[in-house]
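Coordinate inspection notes
As a plain string of letters, each chain reads:
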Amino acid sequence: MSSSLRNYMPERADRFFSGSSAQKSVARTLFESVADFPLICPHGHVDPLLFADASYHFSSPAEFFLIPDHYVFRMLYSQGVPLEAQGVPMNDGEDASAVESDHRKIWQTFVENYHLFQGTPTGLWLRDELHDLFGITEKLTPANAQATYDRISEQLAAPDFTPRKLYEQFQVEVLTTTDAATDTLEHHKTIRESGWDGRIYPTFRPDKVVNGIDQPEWKGQIDLLRDVSGIDIGDYVSYITALEARRDFFREMGATATDHAAETPFTEVLSPKEVDAIFQRGLVGSASADDARRFTAHMLVEMARMSSEDGLVMQLHPGSIRNHNSAVFQRFGADKGADIPHALDFTLNLKTLLDRFGSHPSLRLILFTLDESTSARELAPLAGHYPILRIGPPWWFYDSINGMRNFFAQVMETAGIYNTVGFNDDTRAFASIPTRHELWRRIACDWLAGLLVEGQIDDEDALAMAHALAYGLAKEAYRL
Amino acid sequence: MSSSLRNYMPERADRFFSGSSAQKSVARTLFESVADFPLICPHGHVDPLLFADASYHFSSPAEFFLIPDHYVFRMLYSQGVPLEAQGVPMNDGEDASAVESDHRKIWQTFVENYHLFQGTPTGLWLRDELHDLFGITEKLTPANAQATYDRISEQLAAPDFTPRKLYEQFQVEVLTTTDAATDTLEHHKTIRESGWDGRIYPTFRPDKVVNGIDQPEWKGQIDLLRDVSGIDIGDYVSYITALEARRDFFREMGATATDHAAETPFTEVLSPKEVDAIFQRGLVGSASADDARRFTAHMLVEMARMSSEDGLVMQLHPGSIRNHNSAVFQRFGADKGADIPHALDFTLNLKTLLDRFGSHPSLRLILFTLDESTSARELAPLAGHYPILRIGPPWWFYDSINGMRNFFAQVMETAGIYNTVGFNDDTRAFASIPTRHELWRRIACDWLAGLLVEGQIDDEDALAMAHALAYGLAKEAYRL
Amino acid sequence: MSSSLRNYMPERADRFFSGSSAQKSVARTLFESVADFPLICPHGHVDPLLFADASYHFSSPAEFFLIPDHYVFRMLYSQGVPLEAQGVPMNDGEDASAVESDHRKIWQTFVENYHLFQGTPTGLWLRDELHDLFGITEKLTPANAQATYDRISEQLAAPDFTPRKLYEQFQVEVLTTTDAATDTLEHHKTIRESGWDGRIYPTFRPDKVVNGIDQPEWKGQIDLLRDVSGIDIGDYVSYITALEARRDFFREMGATATDHAAETPFTEVLSPKEVDAIFQRGLVGSASADDARRFTAHMLVEMARMSSEDGLVMQLHPGSIRNHNSAVFQRFGADKGADIPHALDFTLNLKTLLDRFGSHPSLRLILFTLDESTSARELAPLAGHYPILRIGPPWWFYDSINGMRNFFAQVMETAGIYNTVGFNDDTRAFASIPTRHELWRRIACDWLAGLLVEGQIDDEDALAMAHALAYGLAKEAYRL
């Protein structure tokens, strides 16, 4: 029975295309027309150290594929495999000896749970990375796990397997990191001074000095901002001056964009007196949750104002309740696969910002969502009207085949593709970048193929749209 | 490469059908069975003047296709083309000289941005209108823009190119306009008296005398209502009497339906004392936003009561934040492509109205949504139970291929097709009506074809359902 | 025309599979591999009396197919056929003579409205039940309605047409009922004592003693709980003791699960003092709506605590506004097709419960939704992280082809199939169980076939996943 099924599996070159033969032929032709374009990576989380250190090498297969990947360990955790057994490092002060340190064991545990990734994007990425980077074509099984481990380890140690070489091999044209407002960008400086010609740029992400003014950590972040900017921050006005100075520094270091997270897209303009009062309460540790909510709302408008002046493209990623699992957060810290989306409103929440800056000629604001019901209802109508708005690609849980298909189906009719910005790989895992872009390009071409075989677009448009989605839109949208 | 793609584009007769060959064959057969049915147009915004003036002619291609079409100019605006450059007229008091008056220039600007409409319903409608009305088969390009302009201009000026002749050519069976409660329906009278046998009926839309009791314009609307009804409106009771008189007049003029917009479907019944107190505050300009919200909620129930008595089919279109862009509203007025949907609740909000009238034998209430997540969750369960309810077709941003496909997928399993009402073209653009109905009929037949090839329905049901969706349901639902 | 369409209708064996030939071939192979598995029925509403009485016979076709099926009578009601004419029994105190008692007439009314079910799951279930149970292959028409009635009646009366025989014929492996906390489980006792080896187990559903503490009926339910548990319930502590005693009794009777309904998934932990104060207000009839909301929220956490201790799998079905139509509720009682969903939030509402028990090693909590927008946004991210969580299959209005397809598309990429629980038939209609399971298995296999032909999964995974979705997951998830 299994062998009869095998006849229906597509050739590798046709993977992820629709099963219908006409659409598949079109998708293949379109994909071939964009497959060799360089990669534009305008929004990601790769550690710049990888490029600052010209001889950087990845340690083990577990370090390379598993330990830093919350997509992986969250799934095993959900089925009862403790994070400790997966080698996830604990917060300082916790009992680090509880964490598995034998990377071969961690790998084996993973492979024994590999079936959990059936039909998931993580499963597809891993399969393609094993194939494309390591030439591994057999399926992972508990029986071959250790031999595979050896084979990957050997290749990781090879002299050419450095991030800089991979950057060239992957044909990355430009890659941006994400960096705190208080970051000194030392690694970026090292990269510049090294004479290497890879284009690695920072992105200005001020969340820690903007959000959570009611939290105990906030004051420490302001102290860092003071130290790094050399500006004494005693009031709201000097705080703004310090932020503007940091933005200038980021721009000098090549940044073309900022990035902002918030639980909701709520925006509001506070009077100078009100905002300074909240700021002062923040400094003395007496700000309330409502202060924090309003301060973030005000600062989103303020950041739009700065972007309208300095030209940094603004990005807003709302809608995730971060670190939803308190026990995991306390033991392991942030970004442990426990960020959970909730329902959003953009229409009412963004009105204040849009009333001020919606038609500004030099501002660009890219919106992302984790609530797919907002895509057709709010984002596409907003971006199909306001000149400053563009819609970011499917994010986090939606960086998947269905996520992308839904995105095309829900956004494009109302916004058109030119109000979108192509693809963001949004990843910490540098080596997964080509795989992620390829998936996007395949699904985009398959979508276009569907439009063509239904007579919605013609051949000329299909080719132009494929080009834009694979390459042109990202480059233009991020001013790269 | 492009030529190989061209082989996969369908014949024009098969456009918008699924790429799968079996489904396409079925869709074609079903479509052929309904393609020649007359058009029932029970909900639209065509100016009745077009039919009152037997020799009405459209001026230029820009006037015909672009200037009045907010689907068109919103898209160019979103990409930085000012509304002024697109010839959109400004409000009184603004500097009208800023508006481009050269229609050839406006047309050229549009054609240079024609790629923005790739994959959008506007792009499909325009292509089909150019083909069907003007015999234009080449794609619009900046190079052929002026020649095309000439060609269209010539045809617009032809003696037979009048709305009345087009009405007959399009095989419209009946068309309704949308008219303020205070409208004198002069054009409708002229049409009647002209002896022309086209069926053009008004629809009673009392939004301006119902919504916004807290707004400065409201009192003026009540004065208009007084003037047109001849009833002195000093309290809530006389206001209701005036509204009832207007409904009687609309019915005499052929109306079979009313239409109501509201930000939400909230319904509430106020005591006579409460509602009169709010009404009095409205008259003296001291009503609050909460008064306005509650007054609208109360009036929705009151309108249901009137419809249960006089038989006018009630329509409710909630969920749009009108004129979201304050700057555009101030400069250009309403309906400038800046109406943005937001999340809705029908289940809790409509309960008061449904408790009073949900099973009334003569009331019919048609609900529309701009929040697709309500379709399967709320509208289909409600309409699949309450006798008075029917679900209106996909509206505004959802009058598109995906909007229709989602509608069929989300509504029909729970509500069945007989709790829906066929198609509404909902357009100001008279000449786009056949194109819009054809798109609906094609997508409906393609959906039915999918059900048939999956064995969900048989041939007999498919044909009956195609007939109902293309023609029968609209006629019956609107009591035409 | 109709005959040309007939050529495109699939063979019965291929019904509900995708129209594309490759996917259909794969779906067929996968379906054949699971078609003969026994049925696991872990969540349903069949009356245990059917199995307690070894010689139980269904009365008439109307009783068998129509009168108890709110999917059926709600649809006719929505098109103006009164519930009385459909034989739906009224509440005590109402005028029972208004209810049609002639089952032949009820059947005829139904058949005359049979077209309302075109394209609905009810239409598919009925067609398949008529075929599979009664060998009826002609379509129901008003002309053949009475002959069909006769034929079904005859078969219903046959000696072998008892629930016990059908249980065996259907290859049911285990079936659970749903029972109030105060139920004495007499029928379950009878079944046990009869020596029949069918596995019929109760499920503990305490809604009536947990929800609605502000309602006049609540105190009577507590009295019942006192009587059945033999525990004098004078305060919150004794109430908890009584509930725990009932759970123990249910477990002795074979229960492996509990079931909980709530309007929202709101959870909260009240202090012992607060909760007892609310409980005391409930006893004296002075609890408020807010008391009721908080008491339910607190009790959900309490039930999670009990499940973590006694191992009963906890199920939560939030999001339905029960008995939305007040007039129908008053005249006919609960469960009359007027339960209407509304928008839900799980992310914020469940946080309190998850902070306490989200990673508990022996707790399992299965979540269901009626708000599909929560599936990808909240349920899949939550279940793809928290060890205790699993996602229940599409429920109530979503127990349909589109509901299932959406479920697979929205849940599996983020949660993986192993965080789901296979199928629940959730039905009162015992004889519809095989049909419902077959629909699920067909749609699941068609989904897997789509993944295979797109190269997302291989043959080996497809077979394993089909097995899990059809059989293994339900058995494991419910600890059966």
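Refer to the structure printed above.
No experiment lies behind these values; they were computed from the predicted model shown.

1. Considering the environment of C:Asp47
Residues and elements named next belong to chain C. Summarising the element assignment, Asp47 is placed in the loop between strand E1 (39-41) and helix H3 (49-52). When its relative accessible area of 37% is taken as the criterion, Asp47 is described as partly exposed. Linking Asp47 and Lys219, residues 172 residues apart in sequence, is a C-alpha distance of 26 Å. In terms of polar contacts, Asp47 uses its side chain to reach the backbone amide nitrogen of Leu49, at 2.9 Å.

2. Some thoughts on the packing of aromatic side chains
This model, assessed by the stated rule, comprises 114 aromatic pairs over all chains. Seen from their ring centres, A:Trp107 and A:Phe110 are 5.6 Å apart, and the 50° between their planes marks the pair as tilted. Taken as a pair, A:Trp107 and A:Phe110 lie in helix H6 (residues 103-112) at a separation of three residues, close to a single helical turn. Note on B:Phe65 and B:Trp107: the rings are 6.1 Å apart at their centroids and 40° apart in plane angle, and the pair reads as tilted. One end of the pair, B:Phe65, is in helix H4 (residues 61-66); the other, B:Trp107, is in helix H6 (residues 103-112), with 42 residues separating them in the sequence. Judged on exposure class, the residue B:Phe65 and its partner B:Trp107 are both buried. A network of ring pairs unites the aromatic residues A:Tyr56, A:Phe58, A:Phe64, A:Phe65, A:Trp107, A:Phe110, A:Tyr114, A:Phe117, A:Phe134, A:Tyr149 and A:Phe161 as a single cluster.

3. Focus on the interface of chain A and chain B
Facing 46 residues of chain A, the contacting portion of chain B comprises 51 residues. Each partner contributes to the roughly 4,200 Å² buried at the junction of chain A and chain B, and carbon and sulfur atoms together form 54% of this total. Three residues, A:Arg377, A:His385 and A:Glu413, lead the burial of chain A against chain B; their summed loss comes to 19% of the area buried on that side. Linking chain A with chain B are six salt bridges, by the criterion used here. Between A:Asp458 and B:Lys139 there is a salt bridge; the shortest N-O distance is 2.8 Å. Joining chain A to chain B, the criterion identifies 32 residue pairs in polar contact (both at pLDDT 80 or more). Every element with two or more residues in the side of chain A that touches chain B is listed here: helix H2 (21-34), helix H17 (351-357), helix H18 (373-383), helix H19 (401-415), helix H20 (433-453) and helix H21 (459-477) of chain A.

4. Digging into the sheet that holds strand E2 (residues 172-176) of chain C
One key point about sheets: their strands pair by backbone hydrogen bonds, in either a parallel or an antiparallel sense. Residue and element names in this part refer to chain C. Taken in spatial order, the three strands line up as E1-E2-E4 in an open sheet, and their pairing is parallel. Either end of the sheet is taken by a strand with one partner, and the two such strands are E1 and strand E4 (200-201). In terms of strand pairing, E2 meets E4 through two bridges, oriented parallel. In the sheet register, Leu175 faces E4, and the bridge partner there is Ile200.

5. Details of the interface of chain A and chain C
The interface is formed by 51 residues belonging to chain A together with 46 residues belonging to chain C. Together, the buried faces of chain A and chain C total about 4,200 Å²; carbon and sulfur atoms form 55% of this surface. In this assembly, chain A and chain C are joined by six salt bridges. The closest approach of N and O atoms between C:Asp461 and A:Lys139, which form a salt bridge, is 2.6 Å.

6. Structural notes on the packing of helix H2 (residues 21-34) of chain B against helix H20 (residues 433-453) of chain B
Residue and element names in this part refer to chain B. Put simply, H2 and H20 touch, their axes get as near as 8 Å, and they point 130° apart. Accordingly, the angle class assigned to the pair H2 and H20 is oblique. The handedness of the crossing between H2 and H20 is right-handed. Across the interface between the two elements, Ala22, Gln23, Val26, Ala27, Leu30, Phe31 and Val34 of H2 pack against Glu438, Arg441, Arg442, Cys445, Asp446, Leu448, Ala449, Gly450, Leu452 and Val453 of H20. Split into classes, the residues belonging to the contact of H2 with H20 amount to 11 nonpolar, two polar and four charged.

7. A closer look at the relation of the copies chain A and chain B
Turning chain A through 120° and shifting it by 0.0 Å along the axis lays it on chain B, with an RMSD of 0.0 Å. What the superposition gives is, in effect, a three-fold axis relating one chain to the other. A share of only 2% of the interface residues of chain A reappears at the interface of chain B, consistent with the copies meeting through non-equivalent patches.

8. Let's talk about unusual backbone geometry
Here A:Gln171, not a glycine, exhibits a phi torsion of approximately 60°, which is positive. With a relative accessible area of 41%, A:Gln171 lands in the partly exposed category. Despite not being glycine, C:Trp396 shows a phi value in the positive range, around 55°. Checked against the element boundaries, C:Trp396 lands in the loop between strand E11 (389-391) and helix H19 (401-415). We classify C:Trp396 as buried; its relative accessible area is 8%.

9. Section: the packing of helix H13 (residues 236-252) of chain B against helix H15 (residues 289-310) of chain B
Residues and elements named next belong to chain B. Orientation of H13 relative to H15, taken along the N-to-C sense of each, is 45°, at an axis distance of 12 Å. In terms of orientation, H13 and H15 fall into the oblique class. Regarding H13 and H15, the two cross each other, and that crossing is right-handed. The segment H13 lies against H15, with Tyr236, Tyr239, Ile240, Leu243, Glu244, Arg247 and Arg251 engaging Phe295, His298, Met299, Glu302, Met303, Arg305, Met306, Ser307 and Asp310.

10. A short note on the side chain of C:Asn419
Mapped onto the fold, C:Asn419 is located in the loop between H19 and helix H20 (433-453). Reaching out from C:Asn419, the side chain makes a polar contact with the side chain of A:Ser78 at a distance of 2.9 Å. Among the polar contacts made by the side chain of C:Asn419, one reaches the main-chain carbonyl oxygen of C:Ala383 at a distance of 3.3 Å. Here C:Asn419 is in contact with A:Met75, A:Ser78, A:Gln79, C:Ala383, C:Gly384, C:Leu389, C:Arg390 and C:Ile391, once residues within four sequence places are set aside.

What counts and what doesn't
- Chains are numbered independently. Their residues run from 1 in the order of the written sequence.
- The order in which chains are written sets their letters, starting at A; the order in which ligands are written sets their numbers, starting at 1.
- Under the rules for a predicted model, residues below a pLDDT of 70 receive no local features and side-chain atom pairs below 80 are neither given nor counted, while totals for whole chains, interfaces and linings still include all residues.
- To obtain the side-chain values, all non-hydrogen atoms of the structure were included, while hydrogens and water were left out.
- The helix and strand labels rest on DSSP assignments: H or I over at least four residues marks a helix, E over at least two residues marks a strand, and numbering proceeds from the N terminus.
- For every residue, the accessible area (1.4 Å probe, protein chains only) is compared with the maximum for its type, and the residue is labelled buried under 20%, exposed over 50%, or partly exposed between those bounds.
- Counting of polar contacts relies on pairs of N or O atoms within 3.5 Å, with two restrictions inside protein: one atom must be capable of donating a hydrogen and the other of accepting it, and residues adjacent in sequence are counted only when both atoms are side-chain atoms.
- Two rings from Phe, Tyr or Trp (for Trp, the six-membered ring) form a pair when their centres are within 6.5 Å of each other. A pair whose planes differ by under 30 degrees is stacked, one over 60 is edge-to-face, and the rest are tilted.
- In what follows, residue pairs with any heavy atoms lying within 4.5 Å of each other are defined as contacts.
- Buried surface area refers to the total accessible area, computed with a probe of radius 1.4 Å, that the two partners give up upon joining, counted for both partners together.
- The salt bridge definition used is simple: a Lys or Arg side-chain nitrogen within 4 Å of an Asp or Glu carboxyl oxygen.
- We treat two strands as partners when DSSP finds at least two bridges between them.
- Comment: axis = line fitted to C-alpha atoms, over the contacting stretch for helices; angle = value between 0 and 180 degrees taken between N-to-C directions.
- Working definition: roughly parallel below 35 degrees, roughly antiparallel above 145 degrees, roughly perpendicular at 65 to 115 degrees, and oblique for all remaining angles.
- A crossing counts as left-handed when the near helix is turned anticlockwise from the far one by less than a right angle, and as right-handed when that turn is clockwise.
- Ten residue types, Ala, Val, Leu, Ile, Met, Phe, Trp, Tyr, Cys and Pro, are classed as nonpolar, four, Asp, Glu, Lys and Arg, as charged, and the remainder, Gly among them, as polar.
- A least-squares fit on C-alpha atoms brings the copies together, and the residues used are those whose pLDDT is at least 70 in both copies.

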